[in-house]
Amino acid sequence: MSLTPSPTTLNPPPPKINSQEWLTALLCDKCSVPSLRAPQKKHCYDLIQGKDLFLTMATGNGKTIVLLSPLIAAKARRETGIGILVVPTKTLAEQHVATSIRYGVPAWAINQDTVAEAKLECPPRNLFKELFESDGIRLVVLSPQMLGSKSFRHYEGIPKYLNLVRWFLIDEGHLTGRGFGVFEAPYKSLSSLRWRLKPEVIWAVVTGTVTPANALHIAQLLGFTDYVNATYSIDRPNIKYLPRILKHAFSGNQFFDISYVIPFGMKDPSEIKQVIIFAYRISTGQAVIDFLDTLLPPDLPGRAKIIQPYNSLMDLADRQAFIAAFDAGTIRVGVATDTLTYGLDTDVDSVIDLNVDPSTVAAEGAHEITKQRLSRVGRRGQLATAVTFAPPWVVDIEITEDATAQVKENAARREKLPEVVRQWYNPTETCCSRQADLGYFGEPAPWPAPIDCLCSIHQGDDEAVEHNKTIKQWVDHFAARNASRVPPLRSDQTYKTLAPDVRALLKFQLERWRARTWDTMWGPGEMLNFTSTYFLPDRIITKILDGAHRCSSLERFSIVVSDWKVKYMESHGGALYTLLAVFMTGYMEVFHDMTPVLKQAGSTQTHKQPVNRKRPADSDSYKSPPKKLKTSHSVARPATRAAAAEALANKENIPL
């Protein structure tokens, strides 16, 4: 008997095409991963078998591979067809396109920015034409709104192109549910694709934040009938949840509760622990940046790049520059809106959610949004911290008979909060923040003893001790600085207070000067993520407008704008004061020129004054006040403010 191995033993036959083994080997090769997780294996195979899929799984567990698996398999079989992947943000679209191309599947991101940029190329490009008229397997990543565009509808109406669509994939599918603001309506509109696309099209929805009840509701809304409904744990046990209540006034330009992100007395950018701060509005984010910037030493190396914004107003180049700089560690503090909630894939291990707007705290779906923001950290499995803030009224307190009206009003507001939000900010030993989160998403607590839980109740908020120490240092620093300030300036009567329309003219001049000066301060590629408000914030312009009549000298002007960044006051304060002085001189000339006219009209007032309409006691006759003249106090009407500003600037040679 021969002991020589047979050729079959030495070279086992390759797995059969479309088998589980074949698909697993293919995906590991194309996606450069050593192995697939069990859920990935199962549901990738579901999709290549033509089954519809609704998958709920925690962030960072490989949902993208599942979504792209049928396209990768079809490409390996040398087939042709188009996959449509719907995402909520441009950031996430760019990430999916890069991933798809890396896995070997050609992909296009089609949104307003990319369409506009393609049209400007020489020769101009039509992205939809390229997509539908290409060969092989390809992917298009777009927003729900683009599916209603004229270009998409054009190709949808041509059968040979419509027949190419084989997969309809939806990322962040929870946005189809209730309470997701600007995303909700566009995502709900995806249900129309059930009758617009062929019945043979394979549908897949993935999400990392949805309750079991909402998952069924969304599936029904999107027309799922015979499908795989797969739900896995969305717990993030490596994230320490730290719910906190605001202790300091949350004004328009001071945010002491988060001042701890800038170490007091720091000397090097590396001392700042890298963090993402989520703000609900772009304006709030800019105010946070302005405040944190005042905490940085003026001579700190790379100071201008340490704190940067990320929002929907930034173009593709700016967003990519932010991600690259954040990954490189140059940006230490990123202040973002929900544009970054979907798509950030980096190693950051600290996040702050400024959940301070009462309407957002109490809104339906508020916790899903919070979960998405907090899931930006610890994506590689490392330990991470997630700090959330809420206003003081969310704290449960005992209501007594002699409680004030405000206390009772706050109690009524708490009653309207979603239960999970109320539990999150009022954690107990029996229901900590993590337990509240798991209960909301229909999961049992996974630990036998509280010691296994990372949260402020079971592990303590040791971070708060250090944070509060730093916050106190900053509060004391600002208090001492305010105490040393000189008393408020009074007018020396050189200039008159600005009339309303003249104030509008000056605001126009200041904003124009700000924009033009900012453009001259930086070279190509520098400060891409900042607007001119970083240089001269709106609050400083407001101070100038309020105190223009007091600024009769550069010294007095510097007092009015004392909160302006020192380096900018030193470099541009003189030029800005010159603009103001020339404008105010011109205003006074207009003021004096108008006085005879106003006297002739029966009034020497150049500003609106309250009129005493009571008959004087010592007068035998009473004359009604003169009718208000349209030009009683205006240099120009609102419709011609810009033209009037130009005229005044030309007359006085104001440097714009």
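To be clear, the structure that these remarks concern was listed above.
Here the structure is a predicted model, which is why all the values come from computation and not from measurement. (Residues numbered from 1 in each chain as written. Predicted model: local features only at pLDDT ≥ 70, side-chain atom pairs only at ≥ 80, totals over all residues. Heavy atoms only, no water.)

A. Examining helix α21 (residues 500-521) more closely. With 22 residues, α21 extends 32 Å from end C-alpha to end C-alpha; this agrees with the ideal 32 Å at 1.5 Å per step. Taken residue by residue, α21 has Asp501, Val502, Leu505, Leu506, Gln509, Leu510, Arg512, Trp513, Arg514, Thr517 and Trp518 as its buried positions. (Helix = DSSP H or I, 4+ residues; strand = E, 2+ residues; numbered from the N terminus. Expected span 1.5 Å × (residues − 1). Buried < 20%, exposed > 50% of the residue type's maximum accessible area, 1.4 Å probe, protein only.)

B. View of the side chain of Arg376. Along the chain, Arg376 turns up in the loop between α16 (366-374) and β13 (384-390). An unpaired buried charge is present at Arg376: no salt bridge exists, and Glu172, the closest side chain of opposite charge, is 5.2 Å distant. Within the structure, the side chain of Arg376 is placed 3.2 Å from the backbone oxygen of Gln372, a separation counted as a polar contact. (Lys, Arg positive; Asp, Glu negative; His and termini not counted. Salt bridge = Lys/Arg side-chain N within 4 Å of Asp/Glu carboxyl O. Polar contact = N/O pair within 3.5 Å; in protein donor to acceptor, adjacent residues only side chain to side chain.)

C. Fine view of the pairing of strand β7 (residues 227-231). Burial along β7 is one-sided: the face carrying Val228 and Ala230 is buried and the face carrying Tyr227, Asn229 and Thr231 is not. Alignment of strand β1 (residues 52-56) against β7, held across five bridges, turns out to be parallel. By the bridge assignment, Leu53 is partnered in β7 with Val228. (Pairing = 2+ DSSP bridges.)

D. Geometry of unusual backbone geometry. Cis geometry is found at the peptide bond from Cys122 to Pro123, where omega equals 0°. Along the chain, the position of Pro123 falls in the loop between α6 (112-120) and α7 (127-133). For Ser32, which is not glycine, the phi torsion reads 55° and is therefore positive. By the element assignment, Ser32 lies in the loop between α2 (20-30) and α3 (38-48). Here Glu172, not a glycine, exhibits a phi torsion of approximately 55°, which is positive. Along the chain, the position of Glu172 falls in the loop between β5 (165-171) and α10 (181-188). In this structure Glu172 comes out as buried when scored by relative accessible area, which is 9%.

E. Spatial organisation of the environment of Lys188. Turning to its location among the elements, Lys188 is positioned in helix α10. C-alpha of Lys188 to C-alpha of Leu222: the two residues are 34 residues apart in sequence and 7.8 Å apart in space. Sequence-distant contacts of Lys188, defined by excluding residues within four places in its chain, comprise Thr176, Gly177, Arg178 and Leu221. (Contact = heavy atoms within 4.5 Å.)

F. Inspection of helix α17 (residues 405-415) at higher detail. For α17, the full list of buried residues reads Asn410, Ala411 and Arg414. Buried residues of α17, viewed axially, fall in a sector of 105°; they line one side. Looking at α17, the residues exposed on the side facing more than 90 degrees away from the buried face are Ala405 and Glu415. Packing partners of the buried residues in α17 comprise α18 (419-425). (Arc of directions from axis to C-beta.)

G. Representation of the packing of aromatic side chains within the structure. Taken as a whole and judged by the stated rule, the model has 23 aromatic pairs. For the pair Phe264 and Trp474, a centre-to-centre distance of 4.8 Å together with 75° between the ring planes defines the contact as edge-to-face. Linking Phe264 in the loop between β8 (239-245) and β9 (275-278) with Trp474 in helix α20 (residues 462-483), this pair joins segments that are 210 residues apart in sequence. The exposure class assigned to Trp474 is buried, which follows from its relative accessible area of 5%. A connected cluster of aromatic rings, assembled from ring pairs, spans Phe54, Phe168, Trp203, Phe224 and Tyr227. Positioned over the ring face of Phe224 is Arg194, at 4.8 Å from the centre of the ring. A cation over an aromatic ring shows up here: Arg413 above the ring of Trp393, its NZ or CZ 4.1 Å from the ring centre. (Phe/Tyr/Trp six-rings, centres within 6.5 Å; stacked < 30°, edge-to-face > 60°. Lys NZ or Arg CZ within 6 Å of the ring centre and 35° of its normal.)

H. Geometry of the sheet that holds strand β3 (residues 107-110). Ordered in space as β3-β4-β2-β5-β6-β1-β7, the seven strands form an open sheet in which the pairing is parallel. In the strand order of this sheet, the two ends are held by β3 and β7, each with one partner. Averaged over neighbouring strand pairs, the angle between their axes works out to 15° when direction is ignored. (Axes fitted to C-alpha atoms, helices over the stretch in contact; angles between N-to-C directions.)

I. Focus on the packing of α2 against helix α4 (residues 63-76). Running from N to C, α2 and α4 cross one another at 105°; their axes reach a closest spacing of 10 Å. Judged by the angle between their axes, α2 and α4 are roughly perpendicular. Contacts from Trp22, Leu23, Leu26, Leu27 and Lys30 in α2 reach Ile65, Ser69, Ile72, Ala73 and Ala76 in α4. When the residues that make up the contact of α2 with α4 are grouped by side-chain class, the tally is eight nonpolar, one polar and one charged. (Parallel < 35°, antiparallel > 145°, perpendicular 65-115°, else oblique. Nonpolar A, V, L, I, M, F, W, Y, C, P; charged D, E, K, R; others polar.)

J. Expanded view of the pattern of salt bridges. Under the counting rule described, the total for this entry stands at 26 salt bridges. One salt bridge in this structure joins Arg373 and Asp338, with 2.9 Å as the shortest N-O distance. Taken together, the residues Arg373 in helix α16 and Asp338 in the loop between β11 (333-336) and β12 (350-354) connect sequence positions 35 residues apart. Note on Asp338: relative accessible area 22%, which makes it partly exposed. For Asp396, the salt bridge identified is with Arg414, shortest N-O distance 3.5 Å.

K. Geometry of the nonpolar core. One finds Ile84, Phe132, Leu147 and Phe168 to be the most contacted residues of the largest nonpolar core, which totals 79 residues. Ranked by residues supplied to this core, first place goes to α4 with eight residues. If near-sequence neighbours (up to four positions away) are discounted, Phe168 is found in contact with Ile84, Val86, Leu147, Leu190, Leu193, Leu197, Val201, Ile202, Trp203 and Ala204. Counting 67 residues, the second-largest nonpolar core is a separate cluster that includes Ile277, Leu300, Ile352 and Tyr587. (Core = buried A, V, L, I, M, F, W, Y, C linked by side-chain atoms within 4.5 Å.)

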